[in-house]
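Structural characterization, general
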Amino acid sequence: MPEVKIAAETRTEFGKGAARRIRREAKVPAVVYGHGGDPVHITLPGHELQLALRTANVLLTLDIEGKSQLAIPKAVQRDAIKGFLEHVDLLLVKSGEKVNVEVYVHTEGDLAPGAFLLEHVLSTLTVEAEATHIPESVTVSIEGLEAGASILAKDIPLPEGTTLAIDEDAVVLQVLAAQAEEADDSADESTEA
């Protein structure tokens, strides 16, 4: 998992007006919390943060007033239309500490020949992993699966040191038979009469 270093500035102004001023300077307002301490309100450089957040579950090393702290993103608010970052909540972590995060489920392979559809019941899995070794994603093979087959959370191979944080019998993927549309012959007959 990549680790990104970002310089942060503490902020003392709060509210909508202060947040707008921060965003006009191409920065993002954020709050850092965790480990029983008081939340710390900070400002982060917008472009660097945008690049860092492209990686799922990125580990950030924040330089706050000369003090280095590890954090992971917990909540990211984006503008609904333009997509720019509006606010970020960061959770403080320590090396060796276990955290619960969501990782994407990727598939590899092809379904059995025929008209089958793969349904992603869950696109992410909640797992518990060491804060400095969070997997970006997990991969599961769907090679040769037919209609009626399903893959449960416990069937997905996890990296070493990572455990499931959801019900192991939760359905993650299932294979369905495609349904062809049947022509309605009775409707055709009524229009001809």
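The structure displayed is predicted, hence computed values, not measured ones.

Conventions used here
Residues numbered from 1 in each chain as written. Predicted model: local features only at pLDDT ≥ 70, side-chain atom pairs only at ≥ 80, totals over all residues. Heavy atoms only, no water. Helix = DSSP H or I, 4+ residues; strand = E, 2+ residues; numbered from the N terminus. Rg over C-alpha atoms; globule rule 2.2 N^0.38 Å. Buried < 20%, exposed > 50% of the residue type's maximum accessible area, 1.4 Å probe, protein only. Contact = heavy atoms within 4.5 Å. Areas by Shrake-Rupley, 256 points an atom, 1.4 Å probe, with all protein chains shown as cover. Lys, Arg positive; Asp, Glu negative; His and termini not counted. Charge placed at Lys NZ, Arg CZ, Asp CG, Glu CD. Pairing = 2+ DSSP bridges. Axes fitted to C-alpha atoms, helices over the stretch in contact; angles between N-to-C directions. Salt bridge = Lys/Arg side-chain N within 4 Å of Asp/Glu carboxyl O.

1. Considerations on the overall build of the protein chain
- Scanning the protein chain from N- to C-terminus turns up three helices and 13 strands.
- Whereas a compact globule of 193 residues would reach a radius of gyration of roughly 16 Å, the protein chain reaches 23 Å, over 25% beyond that.
- Its C-alpha atoms give the protein chain principal-axis dimensions of roughly 80 × 50 × 25 Å.
- Classification of the 193 residues of the protein chain by burial places 32% in the buried group.
- Contacts in the protein chain between residues at least 24 apart in sequence constitute 63% of all its contacts with a sequence separation of at least 6.
- Accessible surface computed for the protein chain: about 11600 Å², of which carbon and sulfur atoms make up 47%.
- In the protein chain, 16 positive and 33 negative side-chain charges are present, and the distance between their average locations comes to 20 Å.

2. Brief notes about the environment of S123
- By the secondary structure assignment, S123 is in the loop between β8 (116-120) and β9 (124-130).
- Residue S123 is classed as partly exposed on the basis of its relative accessible area, which comes to 44%.
- When the C-alpha positions of S123 and V105 are compared, they lie 5.6 Å apart, and in sequence the two are 18 residues distant.
- Sequence-distant contacts of S123, that is, excluding residues within four places in its chain, are made with V103, Y104 and V105.

3. Re the sheet that holds strand β4 (residues 59-64)
- Spatially, β1-β3-β2-β6-β5-β4 is the arrangement adopted by the six strands of the closed barrel, whose pairing is mixed. Between one strand axis and the next, the sheet turns by 45° as a mean value, whatever way the strands run.
- Note that strand β1 (residues 3-10) and strand β3 (residues 37-45) share two bridges and pair antiparallel. The residue of β3 that forms the bridge with E9 is T43.
- Running at roughly 120° to strand β2 (residues 27-34), helix α1 (residues 16-24) makes contact with β2, β3 and β6 (85-93) of the sheet.

4. Notes on the pattern of salt bridges
- Overall, the coordinates contain three salt bridges when judged by the stated rule.
- E13 is the partner of R21 in a salt bridge, and the nearest nitrogen-oxygen pair spans 3.4 Å.
- Its relative accessible area of 38% is what places R21 among the partly exposed residues.
- When its relative accessible area of 46% is taken as the criterion, E13 is described as partly exposed.

5. Some words on the environment of K94
- Mapped onto the fold, K94 is located in the loop between β6 and β7 (98-108).
- Considering only alpha carbons, one finds K94 and Q69, 25 residues apart in sequence, at a separation of 8.2 Å.
- The residues touching K94, leaving out its near neighbours within four places in the chain, are H35 and A131.

6. Things to note about the pairing of β9
- In this sheet, β9 lies alongside β7 in antiparallel orientation, the contact comprising seven bridges. Bridging across to β9, V99 finds its partner in A129.
- In the sheet, β9 pairs with strand β12 (residues 163-164) via two bridges, with the strands oriented antiparallel. What sits directly across from E128, in β12, is T163.

7. Thoughts on the sheet that holds strand β11 (residues 150-152)
- An order of β8-β13-β11 is seen for the three strands of this open sheet, with the pairing classed as antiparallel. Either end of the sheet is taken by a strand with one partner, and the two such strands are β8 and β11. When the angles between neighbouring strand axes are averaged without regard to direction, this sheet yields 10°.
- Examined bridge by bridge, β8 and strand β13 (residues 171-177) share five bridges and lie antiparallel to one another. Note that in β13 the partner of E119 across the bridge is Q174.

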